[in-house]
Amino acid sequence: MELEAKINTIRELLKNKKILLAFSGGADSTVVAKIASEVAKSVLAVTIDNGVMPSSCIQNAENIARQMGIDHMVISEDYLLDEHFKENKPNRCFICRNKMYSKLETVAQEKGFKCLVDGTNISDLLEDRPGIMVNYQKNIFSPLVESGMTQEDVLYFLKKENLEFSTSTTCLATRISTGSEITTKKINRISYAESLIKNLSSANFIRVRDQGDMGIIEVDSYSSLLNPNTLQHIDSELKAVGFKKVVLDIGDSSKKKKDLVVYKPCKDELNKIMFETELPYPINIELTCIELEKMGIVKCSPGMGIAMLEVEGRNVTIFKKGKIVARRVKDQEDAQKLLIKVLPKIRRFVSEI
């Protein structure tokens, strides 16, 4: 689907609605805010200051909302007071989003907003993001998903419209290895380290991973750091805040484009076209089948870990381990359109361990 068609779909989805938007000021929520500001009846952007966000995130969100001409609210709540969140189990992101969206539900109810919206895009569904299950449980509306907007579409639209957005909106707790307790000390030293490197480099993407005594620096461009004095300064500063070892990951750690589907030749069926994608999380086949029945004919075998969907002469097979295979499609574009419809129906397992 062409980008303009996707944007028009979003316009129709948001037209004349009273919208409460989960707003970080990042790329995705900025796109939704921009379109909503033009077509919605009213918009209230709400940012949660949870104590574990990059230092500039809240101020950037306020500035972007002001530029858009939409109402903005900041709600402060220290997630480091929540012992379940601090434990940093694999379901941490689910706990975080559940807390955030529960608060947004309360605000929406108090202020009379019936449409609670976020900036999740279709590419997010290809990643290991257990928090997205909160969207389904709370019926959060994701217009970028509904329209099939990918991460690349989002960035292209922002560039075309010359829109400012915050490039650092991911929770600092994501820098801490799962299973290692999230503490104020760790969050503060990560925040300090990333701010330091931002001031010393030309990088747009900056992450400092906290792995116990070691701090791992990830940037999308490290050439500006390759000066002995700069490296010595960074090493000294990061060790001063508690890291015993500091290393630089010289790979490009910025987000890479991932195709929604890739071509896989059919060895046994030469005349058949097959595409597939691999999700990085296990799928709850039973719940997924319930959702797929809204699309077409479904054959479901939770015991075997397989679901098969027949829709408009095309076939989609979904495996518990995360693989999705599309058969009898015309080409990659047709397979991609089909996957865009299927991905929001996928229900995953969320580990509590």
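To be clear, the structure that these remarks concern was listed above.
Residues numbered from 1 in each chain as written. Predicted model: local features only at pLDDT ≥ 70, side-chain atom pairs only at ≥ 80, totals over all residues. Heavy atoms only, no water.

1. Considerations on the sheet that holds strand β6 (residues 214-219)
Put simply, the test is: At least two bridges found by DSSP between two strands is the condition for calling them paired. Helix and strand assignments come from DSSP, with helices taken as H or I runs of at least 4 residues and strands as E runs of at least 2, each series counted from the N terminus. Axis definition: a line fit to C-alpha positions, over the contact stretch in the case of helices; interaxial angles, taken between N-to-C directions, run 0 to 180 degrees. Working rule for contacts: check all heavy atoms of both residues, and any pair within 4.5 Å makes them a contact.
The three strands lie next to each other as β5-β6-β7, forming an open sheet whose pairing is mixed. Of all the strands in the sheet, just β5 (206-211) and β7 (245-249) have a single pairing partner and so form its edges. In this sheet, neighbouring strand axes are inclined to one another by 20° on average, regardless of whether the strands run parallel or antiparallel. Bridge count between β6 and β7: five bridges; the pairing is parallel. Its bridge partner being in β7, Met214 is matched across the sheet by Lys245. Relative to β5, helix α9 (residues 184-200) is tilted by about 145°, and along the sheet it contacts β5 and β6. Sheet contacts for helix α10 (residues 228-240): β5, β6 and β7; angle to β7, the most-contacted strand, approximately 130°.

2. Comments concerning the state of the cysteines
Here is the rule: Any two cysteine sulfur atoms lying within 2.5 Å of each other are counted as a disulfide. Each residue gets one of three labels from its accessible area relative to the maximum for its type: buried under 20%, exposed over 50%, partly exposed in between, using a 1.4 Å probe on protein chains only.
For the structure shown, the criterion picks out one disulfide. Note on cysteine connectivity: Cys289 is disulfide-linked to Cys300, with sulfurs 2.3 Å apart. In this structure, the disulfide formed by Cys289 and Cys300 twists by about 95° around the S-S bond and is classed as right-handed. Within this pair, whereas Cys289 is found in helix α11 (residues 285-292), its partner Cys300 is found in strand β10 (residues 297-301), the two being separated by eleven residues in sequence. Residue Cys300 is classed as partly exposed on the basis of its relative accessible area, which comes to 36%. As a non-bridged cysteine, Cys171 has Cys96 as the owner of its nearest cysteine sulfur, 5.3 Å distant.

3. Some details on the packing of aromatic side chains
Note the cut-off: Pairing of aromatic side chains requires ring centres within 6.5 Å, counting the rings of Phe and Tyr and the six-membered ring of Trp. Pairs whose planes differ by under 30 degrees are stacked, by over 60 edge-to-face, and all others tilted. Throughout this description, the term charge over a ring refers to an Arg CZ or Lys NZ atom that lies within 6 Å of the ring centre and within 35 degrees of the ring normal.
One pass over the full model with this rule turns up one aromatic pair. Both rings, one in Tyr79 and one in Phe85, keep their centres 5.8 Å apart while their planes meet at 75°; by these two values the pair is edge-to-face. Judged by its relative accessible area of 0%, Tyr79 is buried. Here the basic side chain of Lys18 rests over the ring of Phe113, its NZ or CZ set 5.1 Å away from the ring centre. Here Lys99 stacks its cationic end above the ring of Tyr79, 4.9 Å away from the centre of that ring.

4. Some words on the packing of helix α1 (residues 3-14) against helix α2 (residues 27-39)
Stated formally: Any angle that is under 35 degrees is reported as roughly parallel, and any over 145 degrees as roughly antiparallel; angles of 65 to 115 degrees are reported as roughly perpendicular and all others as oblique. What makes a crossing left-handed is the near helix being turned counterclockwise from the far one by less than a right angle; a clockwise turn instead makes it right-handed. Gly counts as polar in this scheme, as do all residues outside two lists: the nonpolar Ala, Val, Leu, Ile, Met, Phe, Trp, Tyr, Cys and Pro, and the charged Asp, Glu, Lys and Arg.
Across the interface, α1 lies against α2 with an axial gap of 9 Å and an inter-helix angle of 55°. Classified by the interaxial angle, the pair formed by α1 and α2 is oblique. Crossing hand, α1 versus α2: right-handed. Between α1 and α2, the contacting residues are Ile7, Ile10, Arg11 and Leu14 on the first element and Val32, Ile35, Ala36, Glu38 and Val39 on the second. Tallied by class, residues from the contact of α1 with α2 come to seven nonpolar, no polar and two charged.

5. Overview of unusual backbone geometry
The phi dihedral of Glu312 is positive, around 50°, even though this residue is not glycine. Given a relative accessible area of 63%, Glu312 falls into the exposed group. The phi torsion at Arg328 lies on the positive side, around 60°, for a residue other than glycine. One can find Arg328 in the loop between β13 (323-327) and α12 (332-342).

6. Notes on the environment of Ser177
Within the secondary structure, Ser177 sits in the loop between α8 (151-160) and α9. By relative accessible area, Ser177 is classed as partly exposed at 29%. When neighbours within four sequence positions are excluded, Ser177 is seen to be in contact with Asn88, Asp210 and Gln211.

7. Points about the nonpolar core
We count it as follows: Within this scheme, the nonpolar core is defined by two criteria: the residues are buried Ala, Val, Leu, Ile, Met, Phe, Trp, Tyr or Cys, and they are joined through side-chain atoms within 4.5 Å.
If you look at the biggest cluster of nonpolar residues, it comprises 31 residues, and the most contacted ones within it are Leu20, Val46, Phe85, Leu104, Ile182 and Ile187. When residues of this core are traced back to their parent elements, those giving at least two are β1 (18-22), β2 (42-49), α5 (92-111), α6 (132-137) and α9. Considering every element that reaches this core, the biggest residue donor is α5, with seven residues. When neighbours within four sequence positions are excluded, Ile182 is seen to be in contact with Leu80, Phe85, Lys86, Asn88, Arg92, Ala173, Ile176 and Ile187.

8. Focus: α9
This is how it is decided: An expected span of 1.5 Å times one less than the residue number is assigned to each helix.
Between the first and last C-alpha of α9 there are 24 Å, a value that for 17 residues agrees with the 24 Å anticipated at 1.5 Å per step. Check the buried side of α9 and you find it contacts β5, β6 and α10.

9. A few points about the sheet that holds strand β3 (residues 71-76)
With parallel pairing, four strands are arranged side by side in an open sheet as β3-β2-β1-β4. With one partner strand each, in any of the chains shown, β3 and β4 (115-117) form the two edges of the open sheet. Adjacent strand axes in the sheet meet at a mean angle of 25°, parallel and antiparallel pairs treated alike. Packed on one face of the sheet, α2 meets β1, β2 and β4 and runs near 165° to β1.

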